[in-house]
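Read off the chains here:
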Amino acid sequence: MDFFCYHRDRADSLALRMELLEDHWSYMDGFAQQMIARGPTVPGDEEAPTGSVHILTLPDAAAARTFAFEEPGYQAGVYRDVMLRRWRNDVGSTMWEFPGGAPESDGYLVLGLGAPRPVGEVPAVPEAEGLIAFGPLLSDDGERWLGTAALLRAPSADAARATLPRSGYAEVEVHQWRFGGRS
């Protein structure tokens, strides 16, 4: 099963995050073979992270919860919240297989949340250049669509937002995103 995990930083937690950086990397290295995509969200051109995205394949929801909540930064209080959802890899590859290479300042995370509906009504993968990862956010049992998460390379936040159709989403967030290292 694939899972989307988005840890969002607490205000003023950068010093603690940096103190735990090697612990974070060591922890993530233990999941390197399961990673589909990962990397920090950042505010604009700044380098200070605002969150951490991980999309990975794990055996079940219990393993996903362990991954999310045993992460050293989470345990120490770096993050204000965690979005953890089943996800489906509709692109079918990892970010390391993306032919366009690592985005510099043009990588984006787009999260669209909508009213739950049957998984058969999931929006199709758009024909968008620069699409790195795209898939539905699913209910725990995988039967309901709750939204969509996409990672992509785009010339602007507005262009990234346009990857999701205007209708069908009650809320859409766009965050600048950087390729995670290692793996």
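Scope of this entry: the structure provided in the associated data block.

### Observations regarding the sheet that holds strand S3 (residues 51–57)
Taken in spatial order, the eight strands of this closed barrel run S1-S3-S2-S8-S5-S7-S6-S4, and their pairing is antiparallel. Put simply, the sheet's adjacent strands are angled 30° from each other on average, direction ignored. With two bridges joining them, strand S2 (residues 35–42) and strand S8 (residues 171–177) adopt antiparallel strand pairing. Residue Thr41 lies in a different strand from S8, and its bridge partner there is Trp177.

### Topic: empty space enclosed by the protein
Summed over all chains, the structure comprises one cavity of 30 Å³ or more. In terms of lining, the largest cavity is formed by Arg17, Leu20, Leu21, His24, Glu71, Gly73, Val78 and Tyr79. Residues belonging to the lining of the largest cavity are distributed by class as follows: four nonpolar, two polar and two charged.

### Describing the layout of surface pockets
To find leftover empty space, a probe the size of one water molecule is rolled over the atoms. Computed from the structure, the largest pocket encloses a volume of approximately 260 Å³. As for the largest pocket, its lining consists of 17 residues, of which Arg17, Leu21, His24, Trp25 and Pro40 are closest to the centre. Looking at the lining of the largest pocket, the elements with two or more residues in it are helix H1 (14–19), helix H2 (21–29), S2 and S3. Here the lining of the largest pocket is composed, by residue class, of seven nonpolar, six polar and four charged.

### Overview of the pairing of strand S6 (residues 131–138)
Among the eight residues in S6, eight count as buried, and that is most of the element. In terms of strand pairing, strand S4 (residues 79–87) meets S6 through two bridges, oriented antiparallel. Directly across from Arg86, in S6, lies its bridge partner Leu138. Bridge analysis of S6 against strand S7 (residues 144–153) gives seven bridges, and the strand direction is antiparallel. Following the sheet pairing, Pro136 is matched in S7 by Thr148. Adjacent in sequence and paired antiparallel, S6 and S7 are bridged by five residues, among which Gly142 carries a positive phi angle near 80°.

Quick notes on the rules
Within each chain, residue numbers correspond to sequence positions counted from 1 in written order. Local features in a predicted model are, by the rule used here, given only for residues with pLDDT of at least 70; side-chain atom pairs are given and counted only at 80 or more, and totals for whole chains, interfaces and linings are based on all residues. Just so you know, side-chain values use all the structure's heavy atoms and leave hydrogens and water out. Strand pairing requires that DSSP identify at least two bridges connecting the strands. The numbering of helices and of strands both runs from the N terminus, where a helix is a DSSP run of H or I of at least 4 residues and a strand a run of E of at least 2. Angular values range over 0 to 180 degrees, each being the angle between N-to-C directions of two axes fitted as lines to C-alpha atoms, with helices fitted over their stretch in contact. Residues are said to line a cavity or pocket when one of their atoms sits within 4 Å of a point; the points come from a 1 Å grid over protein atoms alone, cavities being sets where a 1.4 Å probe fits but cannot get out and pockets being open sets with protein on both sides within 12 Å along at least five of seven lines. Grid points are joined across faces, edges and corners, and a volume is the space filled by probe spheres set on the points. Under this grouping Gly is polar, as are all residues other than the nonpolar Ala, Val, Leu, Ile, Met, Phe, Trp, Tyr, Cys and Pro and the charged Asp, Glu, Lys and Arg. Three labels apply to residues, based on accessible area from a 1.4 Å probe with only protein chains included: buried if under 20% of the type maximum, exposed if over 50%, partly exposed otherwise in between.

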